[in-house]
Amino acid sequence: MTRRLAQVAKKVGVSEATVSRVLNGKPGVSDATRQSVLTALDVLGYERPTQLRGERARLVGLVLPELQNPIFPLFAEVIGGALAQQGLTPVLCTQTKGGVSEADYVELLLQQHVSGVVFAGGGLFAQADAPHDHYRQLAERRIPVVLINAPIEGLDFPCVSCDDAVAVEQAWRHLTLLGHERIGVVLGPGDHIPSRRKLAAARAAAQAAGRPLPDEYVERSMFSLEGGQAATNRLLARGVTGVICASDPLALGAIRAARRRGLAVPEQVSVVGYDDSAFMNCTEPPLTTVRQPVEAMGRAAVDLLCAQIQGSEVQPGELLFEPELVVRGSTTQAPRG
């Protein structure tokens, strides 16, 4: 007990006597100091005293599907910074193969009495066929939640998304203006909601151009460089000259696939990514991609979460943010012949 008092006191910058008064529910401590002590308890992994467990911590769960794709650390940085400005501490939960599941993370966050949860990127909420029971558990307990890049059908969590349809329209228009007619798309798994939206937009764009998108020009993959390489290899065997990918790592895999077949990028094959994650301007060639407005999206997600935490009514639905095509060196005029 004495060691715990000392650790919490050092973390907050107050005396052990002050920590003791908070833990015992005694008066004489300001609300701000009291809250800081409770937050320190949560951060250091100590259980709150029984009489204080009903109160929410100043902790917010930030659940990411992975950290290998550079876009997710960027979201974590933006959201974590915005939470800190609101006096909230992010608890980063990253899924790994064979590791802690998303449902297990939710259970752990509930045990920590978090004030809310932000789910970013391609978690189970973005997979239509995945189990969603842990999201319903959060809804039943009235825990504030914000989703990024995919809503959950049947649950009225507010959602912040980049407009997938506009992203594909921008990429498609760019390639068609360069003279490409055989354009393929590399997407995520079939139940991945953003990929479904991108496919619908690609079909609409192709139809509007008077050339319906053949099924053989659509490939699906796990979100990895290797997956993008394998999917693009199949597309190149069918004669496509332009490839639109659902993430930057997929696009880097597409470039590798072209080179392994002896094709030059962009002279013989043009490639467009999605996200504009870190260092995409440093690749060879620099990647043409569609940029997600991560800064604006992350701050909007935190604003929506804080409004819920403060008891304000937040309208359910999805806020769509406009992407931006960033033209670099991986696209050029379609090859002749």
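Under an unreviewed UniProt entry, the name given to the protein is LacI family transcriptional regulator, and the source organism is Streptomyces aurantiacus.

**Some thoughts on the sheet that holds strand S12 (residues 324-326)**
The strand order across the open sheet formed by 6 strands is S7-S6-S8-S9-S10-S12, and the pairing between neighbours is mixed. Each having just a single partner strand, strand S7 (218-220) and S12 make up the two edges of the open sheet. Taken over all neighbouring pairs, the strand axes of this sheet differ in orientation by 20 degrees on average, direction set aside. With 3 bridges joining them, strand S10 (residues 288-291) and S12 adopt antiparallel strand pairing. Directly across from valine 290, in S12, lies its bridge partner leucine 325.

**Focus on unusual backbone geometry**
A negative phi angle characterises most non-glycine residues, just as the trans form characterises most peptide bonds. Residues valine 265 and proline 266 are joined by a peptide bond in cis, for which omega reads 15 degrees. Mapped onto the elements, proline 266 comes out in the loop between helix H10 (248-260) and strand S9 (270-275). That bond from glutamate 284 to proline 285 is cis: its omega, 0 degrees, falls within 30 degrees of zero. Counting through the fold element by element, proline 285 comes out in the loop between S9 and S10. Despite not being glycine, asparagine 149 has its phi angle at roughly 80 degrees, a positive value. Looking at the secondary structure, you find asparagine 149 in the loop between strand S4 (145-148) and strand S5 (158-162). The phi dihedral of phenylalanine 279 falls on the positive side, at around 75 degrees, and the residue is not glycine.

**Quick word on the side chain of threonine 289**
Mapping threonine 289 onto the fold places it in strand S10. At a separation of 2.7 Å, a polar atom in the side chain of threonine 289 contacts the side chain of aspartate 248. Those residues in contact with threonine 289 that sit more than four places away from it in its chain are Asp248, Val272, Gly273, Tyr274, Asp275, Asp276, Glu324, Leu325, Val326 and Arg328.

**Describing the domain arrangement of the protein**
Each assigned domain of the protein is listed with its residue range as follows: domain 1 (1-52), domain 2 (59-162 + 293-322) and domain 3 (164-291). One C-alpha centre belongs to domain 1, the other to domain 3; they are set 53 Å apart.

**Comments concerning the packing of aromatic side chains**
This model, assessed by the stated rule, comprises 1 aromatic pair. Above the face of the tyrosine 274 ring, lysine 198 is positioned so that its terminal group lies 3.9 Å from the ring centre.

Quick notes on the rules
- Residues numbered from 1 in each chain as written.
- Predicted model: local features only at pLDDT ≥ 70, side-chain atom pairs only at ≥ 80, totals over all residues.
- Heavy atoms only, no water.
- Pairing = 2+ DSSP bridges.
- Helix = DSSP H or I, 4+ residues; strand = E, 2+ residues; numbered from the N terminus.
- Axes fitted to C-alpha atoms, helices over the stretch in contact; angles between N-to-C directions.
- Polar contact = N/O pair within 3.5 Å; in protein donor to acceptor, adjacent residues only side chain to side chain.
- Contact = heavy atoms within 4.5 Å.
- Domains from an automatic or database assignment.
- Phe/Tyr/Trp six-rings, centres within 6.5 Å; stacked < 30°, edge-to-face > 60°.
- Lys NZ or Arg CZ within 6 Å of the ring centre and 35° of its normal.

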